[in-house]
Amino acid sequence: MTIEDRIRGTIYGQAIGDALGLGTEFLTKSAVRKYYPRGLADYDQIIRDGHRRKWKEGSWTDDTDQMLCIMESIIDRREVDTKDIALRLYRWVASGAADVGNTVHSVISQPGFLDDPHRASESVWEKSGRSAAANGGVMRTSVLGVWDYRYPSRVRENAAKVCRITHHDPRCVGSCVVVCLAISAILRGVTSIDELFEDAYDEGALHDPRIAEYLDRSKGSLDALDLDEGLDPEAGSNGSIGYTLKALGAAFWAMKHSLSFEGGISKVIHEGGDADSNGAVTGALLGALFGFSEIPGRLVSSLRGRARLEEKTVRLLKLVECRP
Ligand SMILES: [Mg+2]
């Protein structure tokens, strides 16, 4: 498999996992079964309820919009520029983005965000009682595993500083770094799942001990991740579906247990919960692992916004190739 195939797989995998995952976002696992009795495999099957009506068929959501803010900044600046990415995220929200997460919204509304985004995000995290650990950083992080993939120390630094623009919690930063290091390792030719897990444990331990707990869960059944937790009113809701370690866990579960890109994405999104974000992270990792050529053509050709994604991907590929 060529490096180009793996890089394309990462970028398209993120967008496709996000777009297909929209179909089951905010549904319980049992509601997913009810709405998609024969399974969800194509964008045109996605139900048009109050939430999903906001997007046209085959669209990705905020996860990939934000990934593109990072990707376009890198393409224009030829480096990872925290303030420039912060400005692009700010403009994206101001342009009337459909579905902005609570943490992103709070942080970019802080006075001084554009001058010192890291301070703004730390302040919002402190005000949350150091408890907010949403998946808004990890769902957009994939491109940072591609850029500078030859140098793990740069990948680590880039992933951490872009996460902290909005998400300060060590579980968020750790999730971003672990996902980006895994993508970069795959691009460097590491395809042993055991080795990718070992590296994830080592890196996760530098950030937060709870990361290991979710990596443990992802080695077993997908039930252990309880991806729709907090959606079922009968089950004692605590609203934890958007937790960063659930997205990380889902993606690592899929790496360990999937025989194909499509099979892995399908299993994860049929669990419901924050399925577009779980799908985005899973899609990026599986896309790197299996390559773009293994992604079903119908999911690529009917992806809305594909021309823009393709143009940016071609430009990124050229830059990455020439990078020292
Ligand atoms: Mg989303």
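Before reading further, recall that the structure is shown in the block above.
This text gives an overview of the structure that appears in the document. Predicted model, so just to flag it, every value in this text is computed and none were measured. (Residues numbered from 1 in each chain as written. Predicted model: local features only at pLDDT ≥ 70, side-chain atom pairs only at ≥ 80, totals over all residues.)

Our focus in this paragraph is the overall build of the chain. Scanning the chain from N- to C-terminus turns up 16 helices and zero strands. At 18 Å, the chain has a C-alpha radius of gyration in line with the 20 Å of a compact globule built from 324 residues. Based on the C-alpha atoms only, the size of the chain along its principal axes is roughly 50 × 45 × 40 Å. A buried classification covers 52% of the 324 residues belonging to the chain. Of all intrachain contacts in the chain linking residues separated by at least 6 positions in sequence, the fraction that spans at least 24 positions is 75%. (Helix = DSSP H or I, 4+ residues; strand = E, 2+ residues; numbered from the N terminus. Rg over C-alpha atoms; globule rule 2.2 N^0.38 Å. Buried ≥ 20, exposed ≤ 12 C-beta atoms within 10 Å, placed from the backbone. Contact = placed C-beta atoms within 7 Å.)

For the rest of this paragraph, the subject is the environment of Gly 136. Turning to its location among the elements, Gly 136 is positioned in the loop between helix 6 (117-127) and helix 7 (143-146). Along the primary structure Gly 136 and Thr 166 are separated by 30 residues, whereas in three dimensions their C-alpha atoms are 8.0 Å apart.

Remark: helix 10 (residues 193-207) packs on helix 12 (residues 244-257), axes separated minimally by 10 Å, with the N-to-C direction vectors making an angle of 155 degrees. Considering the angle they form, helix 10 stands roughly antiparallel to helix 12. Seen along the crossing, helix 10 lies across helix 12 with a hand that is left-handed. The residues of helix 12 that touch helix 10, namely those facing Ile 193, Leu 196, Phe 197 and Ala 200, are Phe 252, Met 255 and Lys 256. Considering only residue class, the contact of helix 10 with helix 12 consists of six nonpolar, no polar and one charged. (Axes fitted to C-alpha atoms, helices over the stretch in contact; angles between N-to-C directions. Parallel < 35°, antiparallel > 145°, perpendicular 65-115°, else oblique. Left-handed = near helix turned anticlockwise from the far one by under 90°. Nonpolar A, V, L, I, M, F, W, Y, C, P; charged D, E, K, R; others polar.)

You can see His 270 is positioned in the loop between helix 13 (261-269) and helix 14 (275-290). Taking the C-alpha atoms as reference points, His 270 and Ala 159, 111 residues apart in sequence, are found 28 Å from one another. Look past the residues within four positions of His 270 in its chain and what remains in contact with it is Thr 24, Val 32 and Gly 39.

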